[in-house]
Amino acid sequence: MIIYQPAFLLGLLAIPVLIAGYLLAQRTRRAYTLRFTNLELLRSVLPRAPGFRRHLPPAMFVLGGVALLGGLAVPVLNLEIARNNADVILVIDVSGSMQATDVAPTRLDAAKTAASALIDQLPGDDRIALISFSSTATLKQPFTIDHGAVHAALSSLKPGGGTALGTALELALSQLNPVSRTASGVQPRPAMIVVLTDGVSNQGIDPQRVTPELVAARAKVQTIGIGLRNGNATVGGEPVGGVDEAALTAIASATGGKYFYAQAAGELESIYSTLATQVGWQFQQVNLMFPLLIAGISLVMLGAVVSLLWFRVLP
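Everything numeric here is computed off the predicted structure, so don't read it as measured data.

Q: What is the right way to look at the overall build of the chain in this model?
A: Counting secondary structure elements, the chain contains 11 helices and 11 strands. Going through the 315 residues of the chain one by one, you find that 38% of them count as buried. A sequence separation of at least 24 residues applies to 82% of the contacts in the chain between residues at least 6 apart. Here the chain has roughly 16600 Å² of accessible surface; of this, 61% comes from carbon and sulfur atoms.

In structure tokens form, the structure reads like this:
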């Protein structure tokens, strides 16, 4: 919650003072009454005691004052709600180097687990597609709201081959509707391409050639590099190179996304969770000023009416 005029909340400090004053007045009133020694005569001349009703109008005035001060402080509530109309394309590197165990249990297994967590965190109506790439790119699962189908496609990924990142980006772009995304005045569905890789693109289309097309289509690309920096990971006794962080950073920056780096499975899961929140959910601001002001005025007026009807005086 955001408070835009917090100075008005200082007025709440007067509430305990008013309550204490009211309680003291009630105590003084009772002590004065008890000084009248002929209680039987007192009961005969006074009407029936109002009991709890006596305290209701003052309580309404106090609650109304609290609501009015709260409204004047202009509180705005941030609510996280599901978009229910986003498109997410998971693009996962399945090259041979993804068998490396520097990210336990393997780079690919860690990526599959983290991506699975992302799928679970997205609203049920979000469409998800899955693309894997090694020496070429393959659409493992077209857009679907059946998240179980994406889980199944994800579990079937096997490592092997080179790294064709540009080809994978081209395939991901082809899954989006280019007409609705580039037409003037048309609000496209929120879309995010999430790319995870552990190496340098060495086959297929140059990723830098695809980047302008992604920018023109307003397709945000979030890139994730995985594996130890300057490590000595090996696969089958052969050393594997590190991730091309400069290229991934350039792609993400150009498309309005962000580059993330993960050298452990826990970091990778945290990154995917963050991305799920960004695309699957949105914050909606609810201004509570007018509801609180209306409630405060209503309580004060109701308290005045009740006091006049029951006791012919204002509290």
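Q: What's the story with the packing of helix α4 (residues 107-121) against helix α5 (residues 147-155) in this structure? I'm lost.
A: Two quantities define a packed helix pair, namely the angle between the axes and the distance from one axis to the other. Two elements in contact, α4 and α5, have axes separated by 10 Å at closest approach and are oriented at 175°. Here α4 is positioned roughly antiparallel relative to α5, judged by the angle of their axes. Contact with α4, carried on its side by Lys112, Ala115, Ser116, Ile119 and Asp120, involves His147, Val150, His151, Leu154 and Ser155 of α5 and no other residues of that element.

Q: Please explain the nonpolar core as it appears in this structure.
A: Soluble globular proteins: nonpolar side chains tend toward being buried together. In this structure, Leu90, Ile224, Leu268 and Tyr272 are the most contacted members of the largest nonpolar core, which totals 32 residues. Listed by contribution, the elements that provide at least two residues to this core are β3 (87-93), α4, β4 (127-133), α5, β6 (191-197), β7 (220-226), β10 (259-262) and α10 (265-280). Among the elements that line this core, the one with the most residues is α4, at 7 residues. With sequence-adjacent residues up to four places away left out, Leu90 is seen in contact with Ala115, Leu118, Ile119, Ile128, Ala129, Leu130, Ile131, Val194 and Tyr272. One finds Ile131, Ala137, Ala172 and Ala219 within the second-largest nonpolar core, a separate group that totals 27 residues.

Q: Whenever I open this one, unusual backbone geometry confuses me. Can you help?
A: Most of the time, phi is negative for any residue but glycine, and the peptide bond is trans. Between Ala104 and the following residue, Pro105, the backbone shows a cis peptide bond with an omega angle of -5°. Relative to the helices and strands, Pro105 resides in the loop between β3 and α4. Look at Val74: it is not a glycine, yet its phi comes out positive at around 55°. Relative to the helices and strands, Val74 resides in the loop between α3 (56-72) and β2 (75-82).

Q: It is not clear to me how the pairing of β4 should be interpreted in this structure. Could you clarify?
A: Sheet faces and side chains relate simply in a regular strand, where the side chains alternate between the two faces. Judged by how many residues are buried, β4 sits mostly within the fold: 6 of 7 residues are covered. Sheet topology note: the β3/β4 ladder contains 7 bridges and is parallel. Bridge assignment links Ile89 to a residue of β4, and that residue is Ala129. The pairing of β4 with strand β5 (residues 137-144) spans 5 bridges and is classified as antiparallel. Note on β5: the bridge partner recorded for Phe133 is Ala137. What sits between β4 and β5 in their antiparallel hairpin is a turn of 3 residues.

The rules behind each value
Residues numbered from 1 in each chain as written. Predicted model: local features only at pLDDT ≥ 70, side-chain atom pairs only at ≥ 80, totals over all residues. Heavy atoms only, no water. Helix = DSSP H or I, 4+ residues; strand = E, 2+ residues; numbered from the N terminus. Buried < 20%, exposed > 50% of the residue type's maximum accessible area, 1.4 Å probe, protein only. Contact = heavy atoms within 4.5 Å. Areas by Shrake-Rupley, 256 points an atom, 1.4 Å probe, with all protein chains shown as cover. Axes fitted to C-alpha atoms, helices over the stretch in contact; angles between N-to-C directions. Parallel < 35°, antiparallel > 145°, perpendicular 65-115°, else oblique. Core = buried A, V, L, I, M, F, W, Y, C linked by side-chain atoms within 4.5 Å. Pairing = 2+ DSSP bridges.

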